[in-house]
Amino acid sequence: MTDQRPAGGTGQQDEAPAGIDTSRAHQARIYDYWLGGKDNFAADREAAEQALAAYPGLRRGVRAQRAFLARAVAYLAGPAGIRQFLDIGTGIPTANNTHEVAQSVAPEARIVYVDNDPMVLAHARALLTSAPPGATSYLDADLRDTGTILRAAAGLLDFRQPVALLLIGVLQLIPDEVSPRAIVARLTEAVPPGSWLAIFHPASDILPDQIGEAARRVSARSASTTTLRSRAEVARFFDGLDLMDPGLVQVHRWQPGSAAPAYGEQVPGYAGLARKP
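### A word on empty space enclosed by the protein
Phase 1: One pass over the structure, following the stated rule, counts two cavities of 30 Å³ or more.
Phase 2: Looking at the largest cavity, its volume works out to about 240 Å³.
Phase 3: Lining the largest cavity are 23 residues, and of these Y31, W34, L58, P202 and I211 sit closest to its centre.
Phase 4: Where the lining of the largest cavity is concerned, the elements lending two or more residues are α1 (27-34), α3 (58-77), β5 (196-202) and α9 (208-221).
Phase 5: Grouping the amino acids of the lining of the largest cavity by side-chain chemistry returns 16 nonpolar, seven polar and no charged.
Phase 6: What the second largest cavity holds in volume is close to 30 Å³.

### Considering the packing of helix α2 (residues 42-54) against α9
Each pair of packed helices can be described by the angle between their axes along with the distance between the axes.
Phase 1: It is the contact of α2 with α9, at a shortest axis distance of 8 Å, that shows an interaxial angle of 165 degrees. As summarised for this structure, α2 and α9 are arranged roughly antiparallel, according to the angle between their axes. Taken as a pair, α2 and α9 cross one another with a handedness that is right-handed. On α9, the residues that touch E46, A47, Q50, A51, A53 and A54 of α2 are Q210, E213, A214, R217, V218 and R221.
Phase 2: When the residues that make up the contact of α2 with α9 are grouped by side-chain class, the tally is six nonpolar, two polar and four charged.

### Overview of the nonpolar core
In a soluble, globular protein the nonpolar side chains are often hidden away together inside.
Phase 1: Core analysis: the biggest nonpolar cluster contains 39 residues, and F68, L76, F85, L166, W254 and L273 have the highest contact counts within it.
Phase 2: Sorting the residues of this core by element identifies α3, α4 (98-105), β2 (110-115), α5 (118-122), α6 (124-127), β4 (164-168), β5 and β8 (269-275) as the ones contributing at least two each.
Phase 3: In contact with L76, other than residues within four places in its own chain, are G81, I82, F85, A164, L166, W196 and L273.
Phase 4: V114, L157, F159 and V234 belong to the second-largest nonpolar core, a separate cluster that totals 34 residues.

### Things to note about helix α8 (residues 180-189)
Phase 1: Buried within α8 we find P180, I183, V184, L187 and T188. Seen end-on, α8 carries its buried residues on one side only, within an arc spanning 130 degrees.
Phase 2: Looking at the buried positions of α8, the neighbouring elements they touch are β1 (84-88), α7 (146-153), β4 and β5.

### Structural notes on the layout of surface pockets
Phase 1: A volume near 640 Å³ is recorded for the largest pocket.
Phase 2: Forming the walls of the largest pocket are 34 residues, and the residues nearest its centre are G89, D115, G169, V170 and L173.
Phase 3: Of all the secondary-structure elements, those providing two or more residues to the lining of the largest pocket are α1, α3 and β2.
Phase 4: The element best represented in the lining of the largest pocket is α1, accounting for four residues.

Criteria and cut-off values
Residues numbered from 1 in each chain as written. Predicted model: local features only at pLDDT ≥ 70, side-chain atom pairs only at ≥ 80, totals over all residues. Heavy atoms only, no water. 1 Å grid on protein atoms, 1.4 Å probe; cavity = no way out; pocket = protein on both sides within 12 Å on 5 of 7 lines; lining within 4 Å. Points joined across faces, edges and corners; volume = space filled by probe spheres on them. Helix = DSSP H or I, 4+ residues; strand = E, 2+ residues; numbered from the N terminus. Nonpolar A, V, L, I, M, F, W, Y, C, P; charged D, E, K, R; others polar. Axes fitted to C-alpha atoms, helices over the stretch in contact; angles between N-to-C directions. Parallel < 35°, antiparallel > 145°, perpendicular 65-115°, else oblique. Left-handed = near helix turned anticlockwise from the far one by under 90°. Contact = heavy atoms within 4.5 Å. Core = buried A, V, L, I, M, F, W, Y, C linked by side-chain atoms within 4.5 Å. Buried < 20%, exposed > 50% of the residue type's maximum accessible area, 1.4 Å probe, protein only. Arc of directions from axis to C-beta.

Printed below as a string of structure tokens:
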């Protein structure tokens, strides 16, 4: 499954819901613009265009990220038999959201979305569209507040049964001084054996000049800083887990259980899916 939105951000968002600061760009709204959405403001569009000027291939990478999410969720709900998903860093709804993919395979799947962007909160109703026997809910929380997330998610998810943790394009917003590895460890420690962790993370060691400049331009215009990481640094998020084939690879080359081709275009982002033994 791939994202079906148009290639460019053609819509214009004029009025912001209460509580949204439109003077600074926000990652979720920048991604929305790159995916052709309309839920973005002038500051978001400026940051997005500045990044595209530094690295014109950014949209290809963002679409590859969405495609990875869809492939990973389809595998988890299908062959892996997972029925519970904790999607942290949800972003603004687009095509192939987690609940849509999971419940198309397993209608009884339960999904908890987590984000701390007021724009995503304004769209939460669009995320809560599943029909019985499945269920979805939305939490307004920060990834760093794992205790709050786990306590609130337990209202819908049974942490005695396997859970899929989805951290797709969110860990780059956690700087090293906040110990992102410890955050991931707390989440994986809270779920039982047989649970899974899916990560997408932009890379510092693929097309480093282009993606590095794009990240700097976004950070300069945003409320949060983007931290790119190398393959070795991203791999450490999976410590203690069993990475399934093809391992940690460039995002567009990830297919569940298949060897990744070593040729073709470069996309500066890593994706992996691992099981807790």
